[in-house]
Amino acid sequence: MTIKLYHYVHCPFCIRVRMTLGYLNLPYESVVLPYDDEVTPIRLTGVKMLPILDWDGVIQNESLHIMAALDTEGKLQLPASLPSDFVLLLETLGKNVHSLAMPHWIYTPEFSETSRRYFQNKKEQKRGPFGTLVQNRQLYEAPLGKDLFSLIRELTPFYHSQEFSGYDLLLAAHLWGLYIVPEFQFPDVLHMYLQKVKNICRFNYYQGPWSRW
């Protein structure tokens, strides 16, 4: 069995697949695509969307479908369709996380000058100039802070459970990008929770894809 994962380092949907592979202890080949590479994903799946998994020649995209295919024994305990309230939670968190993190993602080694420009032009069409996002960070930090403290009340110590599940993996993948935001500090309980999920999933943000730099 050979597994090849095409992904972006920063992408939470890619991170959730990396965490799944780690949790299930499945070795894989990491292929980090430049963000401005349109040819490769379109050649593989017909659309520019990552992550993409090549599992013994079977190509899949869409992170939840990939996770379901990998989780043959149901260890993640995720239903075929996520509850609507949990989907809303991820969307609410993601909106503010992305506005805070995107201006900083582009200065990581993942991006070249051309891919940085491509990413920024594409994302600014939806969110506005990155400089403005940075200047107005409190517009995103304030509501995010309230959501994070509400989330803490849902951890017992994992999401609605005493045991780890795929819900924790999905939450951690969405929140991980905040570690790159200057001066942002997680509440201690949430930081410890994310580190616990990281260890369970054998996840190292910098290992593998960043070793090429």
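Everything below is about the structure shown above.
A. Region of interest: the pairing of strand β4 (residues 58-61). With 4 bridges joining them, strand β3 (residues 52-55) and β4 adopt antiparallel strand pairing. Paired with Asp54 across the two strands is Ile59, which belongs to β4. With antiparallel pairing between neighbouring strands as the criterion, β3 and β4 make up a hairpin whose turn holds 2 residues, including Asp56 at a positive phi of roughly 55°.

B. Region of interest: the pattern of salt bridges. All chains considered together, the criterion is met by 3 salt bridges. Between Lys75 and Glu73 there is a salt bridge, with the nearest N and O atoms lying 3.8 Å from each other. When its relative accessible area of 41% is taken as the criterion, Lys75 is described as partly exposed. Since its relative accessible area comes to 63%, Glu73 is described here as exposed. Linking Glu141 and Arg137 is a salt bridge whose minimum nitrogen-to-oxygen distance equals 2.5 Å. Relative accessible area serves as the criterion here: at 16%, Glu141 is assigned to the buried category.

C. Molecular detail of the packing of helix α1 (residues 12-23) against helix α8 (residues 166-175). Contact geometry for α1 and α8: axes closest at 8 Å, N-to-C directions at 135°. With respect to each other, α1 and α8 are oriented oblique. Here the hand of the crossing between α1 and α8 comes out right-handed. Touching Pro12, Phe13, Ile15, Arg16, Met19 and Thr20 of α1 are Leu169, Leu170, Ala172, Ala173 and His174, all from α8.

D. Fine view of the packing of aromatic side chains. Considering all chains together, one arrives at 16 aromatic pairs under this definition. Seen in terms of ring centroids, Tyr8 and Tyr35 are 4.8 Å apart; in terms of plane orientation they differ by 45°. Their pairing is tilted. On the criterion of sequence distance, the pair formed by Tyr8 in the loop between β1 (3-7) and α1 and Tyr35 in the loop between β2 (29-32) and α2 (39-45) is long-range, its members being 27 residues apart. Exposure class is identical for Tyr8 and Tyr35. Each is buried. Each ring, one from Tyr35 and one from Tyr118, has its centre 5.9 Å from the other, and the planes form 65°; the classification is edge-to-face. One end of the pair, Tyr35, is in the loop between β2 and α2; the other, Tyr118, is in helix α5 (residues 113-127), and 83 residues separate them in sequence.

Scoring rules and cut-offs
- Residues numbered from 1 in each chain as written.
- Predicted model: local features only at pLDDT ≥ 70, side-chain atom pairs only at ≥ 80, totals over all residues.
- Heavy atoms only, no water.
- Pairing = 2+ DSSP bridges.
- Helix = DSSP H or I, 4+ residues; strand = E, 2+ residues; numbered from the N terminus.
- Salt bridge = Lys/Arg side-chain N within 4 Å of Asp/Glu carboxyl O.
- Buried < 20%, exposed > 50% of the residue type's maximum accessible area, 1.4 Å probe, protein only.
- Axes fitted to C-alpha atoms, helices over the stretch in contact; angles between N-to-C directions.
- Parallel < 35°, antiparallel > 145°, perpendicular 65-115°, else oblique.
- Left-handed = near helix turned anticlockwise from the far one by under 90°.
- Contact = heavy atoms within 4.5 Å.
- Phe/Tyr/Trp six-rings, centres within 6.5 Å; stacked < 30°, edge-to-face > 60°.

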